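Breakdown of the fold
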Amino acid sequence: MSQKSPLQAKKKGFTMPHTFVILLVIILFAVALTWIIPSGEYARVEDPVSGKKVVDASTFNYVENVHVNIQDIPMLIIKAFSANADLIMLILLSGGAIHMLTASGALQALIATIVRKFSNRVEVFIPLLMLVFALICTTQGVNTFIGFAPITVMLAMSLGLDSIVGVGIILLGGAIGFATGTLNVSTTLVAQKIAELPNYSGIGYRWVCFVVYYIVTCLWLVRYAKKIQRNPELSPMYDLDKNSEFKNASLDEFGTLDTRKILSILALVVALIAIVYGCIKLDWDFAEQSAVFLVLAVAVGLIAGFDANKICAEFMNGTKKMLTAAFIIMFARAIGSVLSAGRITDTIVHSMAVVLSDLPAALLGVGMLVANTLINVVLTSGSGQAAAVMPIMIPLSDLLGVTRQTCILSFNFGDGFCNYILPTSTALMGILGAANVPYDRWMRFMWKMFAIWLGIGAVLVVIAQLIQYGPM
């Protein structure tokens, strides 16, 4: 009989508020700030290269104070939703399409096939499985794979490894894909929209970051796995894994990679290539990307042999999972709307610029990375943090001479990697809970990896600033 995980026990005492509650508190705090901070503004001038409006650092002036009232909040939230309707539609439709792939069994079968073929070679199957999760998480959050935790833990245990390797394959692989922001709709595209940058611009350097993080993280996890193979007692999970319910699990339920499932995976690859090409070469916006995901969802459903009713039902199940992200964007963008309505955004930016102006230019991006990491402690939603923070960070980067792409990269790293040590992260706690891995045992393994991630992020951000990573 397996031991009961502390994650399954009923928690007492303080409970972390819902993300909506946190955002509402921040909105109310922003309203209060409009009554405390004096209004001010910079003049905006047109950048001769990009044609975008940028802050003129020499023109800050205080202006007549404007106060926002509590009764203004509902309309500001609704206007934020209307202003981002195209982005919200993209998030909903991408969720529906990816869920259709999961419902077809294509992703599960792909993972099971890799496991069967390379299960006796730790140095091969761990990087391969991590790559699968990393690539898929370039478009989706890691919480998509909570249901996959038992299978990867079962696999790890069958090879004499521990459950930390099992969940690490998902969490570390997913972290790389999500946090480097190559194709991420809910973080990179939200931030680029606010920064008025072309969709997926700067993707080349983000792929470089992806590769760097992938190599280092694979080496770390493979090294740990081989250490546990040699001496299982070194595992933080040694005592709990001896009685784990996952020791006798089976791969059979994940099926085989038949023709239908192979075609479904190929449909995903074609869709992602089309989106990247369309955004870079054809100037596609959110509407065109949404259409691609809609076609992908229907195509996968047909390939899988679903009837019309089944396609509709699974598609709606997928979009429902993304509703929270959509509403988070609506609430978070209202924060910027409150600051703008009170005309205090530029005042805050001016104050931050004064504080940071003494830092060497190459380290300004690192300062933004640290700031976003700290902000993520209370606002773990990537889309919410992008919507809330970017209206301040973008003009600040203009003032300090940090490129907007570097600013967004700092946000990607600060928001993304922090999610794998925070007990408030739904993806982390969901996967740990599904695998019966206590949070404290995970952190005994994870804290060094997180420190390495931060160090790599700082170096990559410095390089981005030195090469004037652009456009803008």
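Residues numbered from 1 in each chain as written. Predicted model: local features only at pLDDT ≥ 70, side-chain atom pairs only at ≥ 80, totals over all residues. Heavy atoms only, no water.

1. Let's talk about the overall build of the protein
Test applied: Each helix is a run of H or I in the DSSP string that is no shorter than four residues. Each strand is a run of E no shorter than two, and both are numbered from the N terminus. It is over C-alpha atoms that the radius of gyration is taken, and the globule rule equals 2.2 Å times the number of residues to the power 0.38. For every residue, the accessible area (1.4 Å probe, protein chains only) is compared with the maximum for its type, and the residue is labelled buried under 20%, exposed over 50%, or partly exposed between those bounds. Two residues form a contact once any of their heavy atoms are found within 4.5 Å. The protein chains shown are the only cover counted for residues, whose accessible areas, like all others here, come from Shrake-Rupley with a 1.4 Å probe. By the counting scheme adopted, Arg and Lys are positive, Glu and Asp are negative, and His together with the chain ends is not counted. Charge positions come from single atoms, namely NZ of Lys, CZ of Arg, CG of Asp or CD of Glu.
Scanning the protein from terminus to terminus reveals 20 helices and four strands. Expected size for 472 residues packed as a compact globule is a radius of gyration near 23 Å; at 23 Å, the protein falls within 12% of this value. Each principal axis of the C-alpha distribution contributes one length, and for the protein these read about 70 × 50 × 45 Å. Burial status across the protein gives 55% buried among its 472 residues. Within the protein, residue pairs in contact and separated by at least 24 positions form 81% of the contacts whose partners lie at least 6 positions apart. With the model as given, the accessible surface of the protein reaches about 19900 Å², and the carbon-plus-sulfur share is 64%. Averaging the coordinates of the 31 positive side-chain charges in the protein and doing the same for the 27 negative ones gives two points 9 Å apart.

2. Looking at unusual backbone geometry
Even without glycine at this site, Tyr200 takes up a positive phi of about 65°. Looking at the secondary structure, you find Tyr200 in the loop between α8 (185–194) and α9 (203–230). Although it is not a glycine, Arg343 adopts a positive phi angle of roughly 55°. Within the secondary structure, Arg343 is located in the loop between α14 (323–341) and α15 (345–356).

3. Observations regarding a nonpolar patch on the surface
So the rule is basically this: Only residues whose relative accessible area exceeds 30% and that form no salt bridge are eligible for patches; like-charged ones are grouped when within 9 Å, while nonpolar side chains (Val, Leu, Ile, Met, Phe, Trp, Tyr) are grouped when within 5 Å. By convention in these notes, a salt bridge is any Lys or Arg side-chain nitrogen within 4 Å of a carboxyl oxygen on Asp or Glu.
A surface patch of nonpolar side chains, about 380 Å² in accessible area, is lined by Val459, Ile463, Leu466 and Ile467. Assignment of secondary structure puts Ile467 in the segment after α20 (439–466). The class for Ile467 is exposed, based on a relative accessible area of 51%.

4. Let's talk about the packing of helix α3 (residues 85–104) against α14
For clarity, the cut-off: Axis lines are fitted through C-alpha atoms, for helices just across the contact stretch, and the angle between N-to-C directions can take any value from 0 to 180 degrees. By the definition adopted for this analysis, an angle is roughly parallel if under 35 degrees, roughly antiparallel if over 145, roughly perpendicular if from 65 to 115, and oblique otherwise. By convention, the crossing between two helices is left-handed when the near helix turns anticlockwise from the far helix through less than a right angle, and right-handed when the turn is clockwise. Each residue is assigned to one of three groups, with Ala, Val, Leu, Ile, Met, Phe, Trp, Tyr, Cys and Pro labelled nonpolar, Asp, Glu, Lys and Arg labelled charged, and all others, Gly among them, labelled polar.
Remark: α3 packs on α14, axes separated minimally by 9 Å, with the N-to-C direction vectors making an angle of 160°. In this view, α3 runs roughly antiparallel relative to α14, as classed from their interaxial angle. Taken as a pair, α3 and α14 cross one another with a handedness that is right-handed. Here Leu87, Ile88, Ile91 and Leu92 of α3 come into contact with α14, specifically with Leu323, Ala325, Ala326 and Ile329. Here the residues of the contact of α3 with α14 sort into eight nonpolar, no polar and no charged.

5. Description of the nonpolar core
We apply this condition: For this analysis, a nonpolar core means a set of buried residues of the types Ala, Val, Leu, Ile, Met, Phe, Trp, Tyr and Cys, connected via side-chain atoms within 4.5 Å.
Ranked by size, the top nonpolar core spans 163 residues in total, and within it Ile126, Met390, Trp442, Met446 and Trp453 carry the most contacts. Not counting residues within four places of it along the chain, the set of residues in contact with Met446 comprises Leu172, Tyr420, Ile421 and Trp453.

6. Comments concerning a positive patch on the surface
On the surface, a cluster of positive charge is made up of Arg223, Lys226, Lys227, Arg230 and Lys448. Sorting elements by how many residues they give to the positive patch places α9 first, with four residues. If you trace the backbone, Lys448 turns up in helix α20. Under the relative-accessibility criterion, Lys448 is labelled partly exposed at 44%.

7. Some details on helix α5 (residues 122–136)
The periodicity of an α-helix, 3.6 residues per turn, causes residues three or four positions apart to be oriented the same way. Here is the rule: For a helix, the expected span equals 1.5 Å multiplied by the number of residues minus one.
Between its first and last C-alpha atoms α5 spans 21 Å; for 15 residues at 1.5 Å apiece the expected length is 21 Å, and the two agree. Counting buried positions over the 15 residues of α5 gives 11, a clear majority of the element. Turning to α5, its buried residues number three or more, namely Val122, Val124, Phe125, Ile126, Pro127, Leu129, Met130, Val132, Phe133, Ala134 and Ile136. Turning to α5, the residues buried within the fold contact α4 (106–118), α6 (149–158), α7 (163–179) and α9.

8. Topic: the side chain of Ser39
Formally: In protein, a polar contact requires one atom able to donate a hydrogen and another able to accept it; more generally it is a pair of N or O atoms within 3.5 Å, and residues adjacent in sequence count only if both atoms are side-chain atoms.
Structurally, Ser39 is set in the loop between α1 (19–33) and β1 (40–41). Relative accessible area serves as the criterion here: at 0%, Ser39 is assigned to the buried category. A polar atom in the side chain of Ser39 sits 3.1 Å from the backbone nitrogen of Val66.

9. A word on the confidence of the model for the protein
The condition is simple: You can read pLDDT as the predictor saying how much it trusts each residue, on a scale of 0 to 100.
For the protein, mean pLDDT is 82; residues scoring 70 or higher make up 90% of the total. Contacts from residues 1–11, a stretch scored under 50 in pLDDT, to residues over four places away or in other chains number 18 contacts.

10. Section: the packing of aromatic side chains
What counts, and what does not: The rule is short: rings of Phe, Tyr and Trp, with Trp giving its six-membered ring, pair when the centres are within 6.5 Å, and they are stacked under 30 degrees, edge-to-face over 60, tilted in between.
Counted according to the given criterion, the structure contains 12 aromatic pairs. Seen from their ring centres, Tyr205 and Tyr469 are 5.0 Å apart, and the 55° between their planes marks the pair as tilted. One end of the pair, Tyr205, is in helix α9; the other, Tyr469, is in the segment after α20, and 264 residues separate them in sequence. With respect to class, Tyr205 is no different from Tyr469; both count as buried. Ring geometry for Tyr420 versus Trp453: centroids 6.3 Å apart, planes at 80°, classification edge-to-face. Here the residue Tyr420 occupies a position in the loop between α18 (404–416) and α19 (426–434), and Trp453 occupies one in helix α20, the gap between them amounting to 33 residues. Each member of the pair, Tyr420 together with Trp453, is buried. Members of the aromatic cluster, each reached through a chain of ring pairs, are Tyr213, Phe413, Phe417, Tyr420 and Trp453.

11. What to know about the environment of Phe306
As for its placement among the helices and strands, Phe306 is situated in the loop between α12 (286–303) and α13 (308–321). Overall, the relative accessible area of 16% leaves Phe306 in the buried class. Remark: the alpha-carbon pair of Phe306 and Met157, spanning 149 residues in sequence, is separated by 35 Å. Not counting residues within four places of it along the chain, the set of residues in contact with Phe306 comprises Met100, Ala103, Ser104, Gly301, Ile311 and Glu314.

12. Some details on the side chain of Thr187
Within the secondary structure, Thr187 is located in helix α8. The exposure class assigned to Thr187 is buried, which follows from its relative accessible area of 1%. If we skip the residues at most four places from it in the chain, Thr187 touches Phe178, Gly382, Ser383, Ala386, Phe411, Asn412 and Asp415.

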